[in-house]
Amino acid sequence: MTDADDLRRRTAELLATHPPATTQPLDFLRARFDAGLAWVHFPQGLGGLDAPRSLQAVVDAELDAAGAPGNDPGRIGIGLGMAAPTILQFGTDEQKQRFLRPLWTGEEVWCQLFSEPGAGSDLASLATRAVREGESWIVDGQKVWTSSAHLARWAILIARTDPDVPKHRGISYFVCDMTDPGVEVRPLRQITGEAEFNEVFLTGVRIPDAHRLGEVGAGWKVAQTTLMNERVAIGGARTPREGGMIGVAAADWRARPELRTHDLHQRLLKLWVEAEVARLTGERLRQQLTKGQPGPEGSGMKLAFARLAQEISGWEVEFLAEDGLTYDDWTMRRPDGVDFTGREAGYRYLRAKGNSIEGGTSEVLLNIVAERVLGLPPEPRTDKDVAWKDLPR
C-alpha cells in the first residue's frame, strides 16, 4: 500500500534523476507521469500508483517546494478534468495508453463538443449525426460554446447514432481529431471582446470506430461521467482561504478606505462568509471523491461558484465606482484560458456572466440538485419515450 512516506521517497528520486533546474519542463513532466506521480490515484502505468487520491497533495507539495514545472492546468483543464476521467472509466487499454500521457503533460490540448445551437440546456436532443460506414463513422453537425477548440488536437464528442429511439438512448461518444478534414473552427466573440469560445462545424468527418468510448448507443451514460466531473472541475477547484475572486475583492476593500460605506461593508462580509462556506464544502466534496466518481452533488458546487462569481464581481464594480468600469483592452483575441484574478474588475464582471451558462445552466443544475440530491419529484417529461426523429424541432 502506497503511503505518504513512500510518495515522498518516489518524489525525491524523481527530483534527483531529473533536477528541475537542468531538465526541460516537458521532459520532467513525462518522467513524472512515468513515475506514477501525475495523478497518484490512477492505475500504475497510466500516471498513477493506485494510491488514495488524497495523497496527491503530498506529491504536489514536495514538487512545488523544489520548483518543479507544472503542466498548466488552466490551459489543459478540459483534458484533465473531463476527458481523462471519462477515458479512464470507459476507454480501452489502447485508448488509455494513447491519450492519457500527452493529455496530462499538455502536449495535446482537448476540447468538448457537446452543446449545439438547438441542444444546450436539453443536451440529449442534440442533432449532430454519426453514421456507420465500415470501421468508421461519418459525422455531420454543428457544436457551439466550445472552449479552446482553436487550440485543441482532440475533442470529446457526442453524436446521434440512432434517431429511431428516444433521445437519451440513441447517442454515442467519440474522440474526434480536430485536425481531420471537415472540422472547421470559427471564433465566437464574447462580451469581454475575446473569443475563448468557438463554433465547430463538422462536415463528413471520418472517425474510426476505435475512437469510440463505450458501447454504441450508450453515449449518454458515458457523457454523464464527463458532465459530473466537469461540474466538480468548475465549481470545486481547491483554493486557499480568501483565495479566488473574494480575495481580490477583500484586497480592494483594504486598499481603498476612502470608498468604503456601511452597506458595502455588510455585503462584503456576507459574500466572504458564503465564499468560505463554498470553499469548505468543496474540500468535503474532494474528500468524498477519494471513495469513487463524483455524483450530482458537484452540481451544487457549480451553482454556488456561478452565483458567487457574479455577486462578488458585481460588488467589486460598484465599490470601485468609475474605476470599476475601466477595461484594459477590448481587442478581439483568442486566449488560452480565463483569468478571473489577474485582470481588472471590468473583465471579471463581464466574464462572470457566462458562469451560470457554461458547464450546465443554473436552471438545469437546480433540477439536478432537486431531483438527484434532495429526492424531489421529477418534472413531467412528455418526450421520454418518444423516438428522437418524432420530436418537434
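Above this note sits the structure.
Below or above, wherever it landed, is the structure these notes cover. All values reported here derive from a predicted model rather than from experimental measurement.

Another aspect to go through is the layout of surface pockets. Approximately 250 Å³ is the volume found for the second largest pocket. Taken together, Thr281, Arg284, Leu285, Gln288, Pro296, Glu297, Gly300, Met301, Val369 and Val373 make up the full set of residues lining the second largest pocket. Mapped onto the lining of the second largest pocket, the elements with two or more residues apiece are helix H8 (262-289), helix H9 (297-320) and helix H11 (362-373). Looking at the lining of the second largest pocket residue by residue, the class counts come to 5 nonpolar, 3 polar and 2 charged.

Once that is clear, we can look at helix H4 (residues 77-90). In an α-helix, one turn spans 3.6 residues, which is why side chains three or four residues apart end up on the same side. Under the 1.5 Å per step criterion, the end-to-end length of H4 is 19 Å for 14 residues, consistent within 8% with the ideal 20 Å. At Ala83, H4 shows its maximal kink, close to 40°; a proline, Pro85, follows between one and four residues later. The set of residues buried in H4 consists of Ile78, Gly79, Gly81, Met82, Ala83, Ala84, Pro85, Thr86, Ile87, Leu88 and Phe90.

Quick look at the pairing of strand S3 (residues 136-143) now. Along any regular strand the residues' side chains alternate between the sheet's two faces. Bridging between strand S2 (residues 129-133) and S3 involves 5 bridges; their strand directions are antiparallel. Paired with Val131 across the two strands is Ile138, which belongs to S3. Between S2 and the antiparallel strand that follows it, S3, lie 2 residues; Gly134 among them carries a positive phi value of about 65°. Two strands pair when backbone bridges link them, and S3 and strand S7 (residues 197-208) are joined in this way by 7 bridges, in the antiparallel orientation. The residue of S7 that forms the bridge with Ile138 is Arg206.

In this section: the nonpolar core. Residues Trp39, Leu100, Trp110, Phe114, Ile158 and Tyr173 are the most contacted members of the largest nonpolar core, which totals 34 residues. The element best represented in this core is H4, accounting for 7 residues. Within the second largest apolar cluster, 20 residues are counted, among which are Cys111, Val139, Ala152 and Val205.

Take the state of the cysteines next. On inspection of all chains with the given rule, the structure shows 0 disulfides. Cys111 takes part in no disulfide bond, and the closest cysteine sulfur, belonging to Cys176, lies 7.8 Å away.

Phi angles above zero are rare outside glycine, and Asp50 is one such case at about 55°. As for its placement among the helices and strands, Asp50 is situated in the loop between helix H2 (25-34) and helix H3 (56-65). Note on Asp50: relative accessible area 47%, which makes it partly exposed. Phi angles above zero are rare outside glycine, and Glu242 is one such case at about 60°.

Let us look at the packing of H2 against helix H5 (residues 93-105). For the pair H2 and H5, interaxial distance at closest approach is 9 Å and the crossing angle is 135°. Classified by the interaxial angle, the pair formed by H2 and H5 is oblique. Between H2 and H5 lies a crossing whose hand is right-handed. The segment H2 lies against H5, with Leu26, Leu29, Arg30, Arg32, Phe33 and Asp34 engaging Leu100, Arg101, Trp104 and Thr105.

We now examine the packing of helix H7 (residues 244-255) against H9. Running from N to C, H7 and H9 cross one another at 20°; their axes reach a closest spacing of 10 Å. One element, H7, and the other, H9, form an angle in the roughly parallel class. Of the two possible hands of crossing, H7 and H9 adopt the one that is left-handed. Judged by residue contacts, Met245, Ile246, Val248, Ala249, Asp252 and Trp253 of H7 engage Ala309, Ile312, Ser313, Trp315, Glu316, Phe319 and Leu320 from H9. Grouping the constituent residues of the contact of H7 with H9 by class yields 10 nonpolar, 1 polar and 2 charged.

Moving on: H5. End to end, H5 covers 19 Å across 13 residues, agreeing with the expected 18 Å (1.5 Å per residue, within 8%). Along H5, the helix axis deviates most sharply at Phe99, where the bend reaches about 30°; the proline Pro102 sits within four residues downstream. Within H5, burial applies to Gln95, Lys96, Phe99, Leu100, Pro102, Leu103, Trp104 and Thr105. Here the buried face of H5 lies against H2, H4, strand S1 (110-113), strand S4 (154-160), strand S5 (171-177) and strand S8 (212-213). After H5 finishes, the residue Gly106 shows a positive phi value of roughly 90°.

Looking now at the pattern of salt bridges. Per the stated rule, a full pass over the model turns up 37 salt bridges. For Arg30, the salt bridge is made with Asp27, and the minimal N-O distance between the two is 4.0 Å. Here the residue Arg30 and the residue Asp27 both occupy positions in helix H2, the gap between them amounting to 3 residues, near one helical turn. With a relative accessible area of 38%, Asp27 lands in the partly exposed category. Asp323 serves as the salt-bridge partner of Arg256, at 3.3 Å between the closest nitrogen and oxygen. Of this pair, Arg256 sits in the loop between H7 and H8 while Asp323 sits in the loop between H9 and helix H10 (345-351), placing them 67 residues apart in sequence. Residue classification places Asp323 among the partly exposed residues on the basis of a relative accessible area of 36%. Ionic contacts of the salt-bridge type, sharing partners, join the residues Asp6, Arg9, Arg10 and Glu13 into one network.

The rules behind each value
Residues numbered from 1 in each chain as written. Predicted model: local features only at pLDDT ≥ 70, side-chain atom pairs only at ≥ 80, totals over all residues. Heavy atoms only, no water. 1 Å grid on protein atoms, 1.4 Å probe; cavity = no way out; pocket = protein on both sides within 12 Å on 5 of 7 lines; lining within 4 Å. Points joined across faces, edges and corners; volume = space filled by probe spheres on them. Helix = DSSP H or I, 4+ residues; strand = E, 2+ residues; numbered from the N terminus. Nonpolar A, V, L, I, M, F, W, Y, C, P; charged D, E, K, R; others polar. Expected span 1.5 Å × (residues − 1). Bend = angle between axes of the 7 residues up to and from the residue. Buried < 20%, exposed > 50% of the residue type's maximum accessible area, 1.4 Å probe, protein only. Pairing = 2+ DSSP bridges. Core = buried A, V, L, I, M, F, W, Y, C linked by side-chain atoms within 4.5 Å. Disulfide = S-S within 2.5 Å. Axes fitted to C-alpha atoms, helices over the stretch in contact; angles between N-to-C directions. Parallel < 35°, antiparallel > 145°, perpendicular 65-115°, else oblique. Left-handed = near helix turned anticlockwise from the far one by under 90°. Contact = heavy atoms within 4.5 Å. Salt bridge = Lys/Arg side-chain N within 4 Å of Asp/Glu carboxyl O.

Geometry only, nothing functional implied.
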